[in-house]
Amino acid sequence: MKVRLWGTRGSVASPGPDTARYGGNTSCVEVRGPDGTLLVLDAGTGIRPLGRALGTSVRRIHVLLSHFHMDHVQGLGFFAPLYDPDVETHLWGPGSTTLNLRGRLMRYLSPPLFPVHLRDLPRLVLHDLPAGGFDIGEFHVRSDRVCHPGFTVGYRITARDTTLSYLSDHEPALGVPNFPLCANWTSGHALAEDADLLIHDAQYTLAEYERHVGWGHSAIEHAVAFAVQARARRLVTFHHDPAHDDDTVDRLTAAASRGLPPSLAVTAGAEGAVFEL
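Given the structure is predicted, the values throughout are model-derived calculations rather than measurements. (Residues numbered from 1 in each chain as written. Predicted model: local features only at pLDDT ≥ 70, side-chain atom pairs only at ≥ 80, totals over all residues. Heavy atoms only, no water.)

In any sheet, the strands associate via hydrogen bonds between backbone groups, in a parallel or an antiparallel arrangement. Ordered by their spatial adjacency, seven strands build an open sheet running β6-β5-β4-β3-β2-β1-β14, and the pairing between neighbours is mixed. The outermost strands of the open sheet, each flanked by one partner alone, are β6 (124–128) and β14 (274–276). On average, each strand axis in the sheet is inclined to that of its neighbour by 20 degrees, with strand direction left out of account. The pairing of strand β5 (residues 88–93) with β6 spans five bridges and is classified as parallel. Within β6, the position partnered with Gly93 by the bridge is Asp128. (Pairing = 2+ DSSP bridges. Helix = DSSP H or I, 4+ residues; strand = E, 2+ residues; numbered from the N terminus. Axes fitted to C-alpha atoms, helices over the stretch in contact; angles between N-to-C directions.)

Let's shift gears to the nonpolar core. Ranked by size, the top nonpolar core spans 28 residues in total, and within it Ile61 and Leu105 carry the most contacts. Those elements that provide at least two residues to this core are β3 (38–41), α1 (47–54), β4 (60–64), α3 (101–106) and β6. Top element by residues in this core is α1. It accounts for three residues. Those residues in contact with Ile61 that lie beyond four places of it in its chain are Leu38, Val40, Leu54, Phe79, Pro81, Val87, Glu88, Thr89 and His90. (Core = buried A, V, L, I, M, F, W, Y, C linked by side-chain atoms within 4.5 Å. Buried < 20%, exposed > 50% of the residue type's maximum accessible area, 1.4 Å probe, protein only. Contact = heavy atoms within 4.5 Å.)

Bringing helix α6 (residues 220–230) into the picture now. Counting buried residues along α6, nine of its eleven residues qualify, which places the element largely inside the surrounding structure. Residues Ile220, His222, Ala223, Val224, Ala225, Phe226, Ala227, Gln229 and Ala230 constitute the buried set of α6. For α6, the secondary structure elements touched by its buried residues are β10 (162–167), α4 (189–192), β11 (197–201), α5 (206–210), β12 (234–238) and α7 (246–256). Downstream of α6 by a residue or two, Arg231 has a phi angle that is positive, lying close to 60 degrees.

Another aspect to go through is the sheet that holds strand β8 (residues 139–145). Strands sit in the order β7-β8-β9-β10-β11-β12-β13 across an open sheet of seven strands; the sheet is mixed. At either margin of the open sheet sits one strand with a lone partner, and together these are β7 (133–136) and β13 (265–268). Looking at each pair of strands side by side, their axes are set apart by 20 degrees on average, direction ignored. In this structure, β12 lies alongside β13, joined through four bridges in parallel fashion. Bridging from a neighbouring strand, Val236 pairs with Thr267 of β13. With respect to the sheet, α6 is in contact with β10, β11 and β12, its orientation differing from that of β11 by roughly 150 degrees.

Here we come to the environment of Arg21. Looking at the element boundaries, Arg21 is found in the loop between β1 (2–7) and β2 (28–32). Placed 158 residues apart in sequence, Arg21 and Phe179 show a C-alpha to C-alpha distance of 31 Å. There is a polar contact of 3.1 Å between the side chain of Arg21 and the side chain of Asp247. (Polar contact = N/O pair within 3.5 Å; in protein donor to acceptor, adjacent residues only side chain to side chain.)

Another point: the side chain of Asp71. By the secondary structure assignment, Asp71 is in helix α2 (residues 70–73). Of note is the side chain of Asp71, whose polar atom sits 2.9 Å from the backbone nitrogen of Ser11. What Asp71 contacts, discounting residues up to four positions off in sequence, is Gly10, Ser11, Val12, Thr26, Ser27, Gly44, Asp169 and His239.

Below, the discussion takes up the pattern of salt bridges. Counting across every chain of the model gives nine salt bridges. Note that Arg160 and Asp35 form a salt bridge whose closest N and O atoms lie 3.2 Å from each other. Here Arg160 is found in the loop between β9 (153–159) and β10, whereas its partner Asp35 is found in the loop between β2 and β3, with 125 residues between them in sequence. You can call Arg160 exposed: its relative accessible area is 61%. (Salt bridge = Lys/Arg side-chain N within 4 Å of Asp/Glu carboxyl O.)

This is the structure:
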């Protein structure tokens with residue numbers, strides 16, 4: 001599969017000269033299968049340039065949402081294929097105990113937050129995430145709840161012999177005095193185990209994390225420890241803090257990468273980066 005990052009920033013878009021290398025758009029990842037199936041993970045502001053880049057070459061798109069915080073759905077209304085009657089867009093996401101996917105989306109795609117109603121989009125197909133795994137084209141997709149405020153899921157996506165794990169907003173160290181504990185007690189472990197590519201929340205430094213416990217995000221050191229525990233082959237740090245400029249991301253990545261086992265590579269997620277699995 002081919003994976004391209006379109007938005008790697010967390011919480012709020014932060015464009016500017018100090019974030020140009022890693023990007024200011026919020027969460028969005030394009031995944032292409034060997035047979036051409038297109039998945040889009042999350043609909044942050046990065047989905048707008050992705051929509052422009054797709055042009056008229058695609059007739060079916062599957063967008064998989066992890067949750068409904070604004071930095072993960074804010075770009076959805078600006079995704080050009082949603083308005084193209086020749087494109088069938090399938091939107092997958094978690095419901096809640098009180099609202100299904102349609103009900104949750106209507107809170108954003110309707111006035112006063114947005115001028116276009118969900119019902120006015122021409123070829124939108126909604127899917128409440130099923131329990132366990134499901135297939136989209138050549139992909140086998142598994143979703144499961146992870147530790148983040150609200151009903152949030154991570155994804156494990158497999159095509160042939162390769163696996164991508166996507167845990168964009170994740171706090172596996174919550175309530176753990178010495179992270180990590182055993183795998184069975186670690187949020188998200190089953191989704192990330194033996195992944196060829198793990199895209200994981202790395203928003204904070206350890207000092208910042210101490211001031212934000214319970215907010216649903218990881219220190220970069222926790223992301224690295226999680227990747228080692230899960231035996232992932234490559235970690236791509238994600239959901240960079242909007243207050244971290246490019247030099248800060250460089251410094252944090254270099255520090256967290258010291259002493260790693262040779263089986264794990266760590267890369268800071270940057271807009272435009274492409275990974276071939």
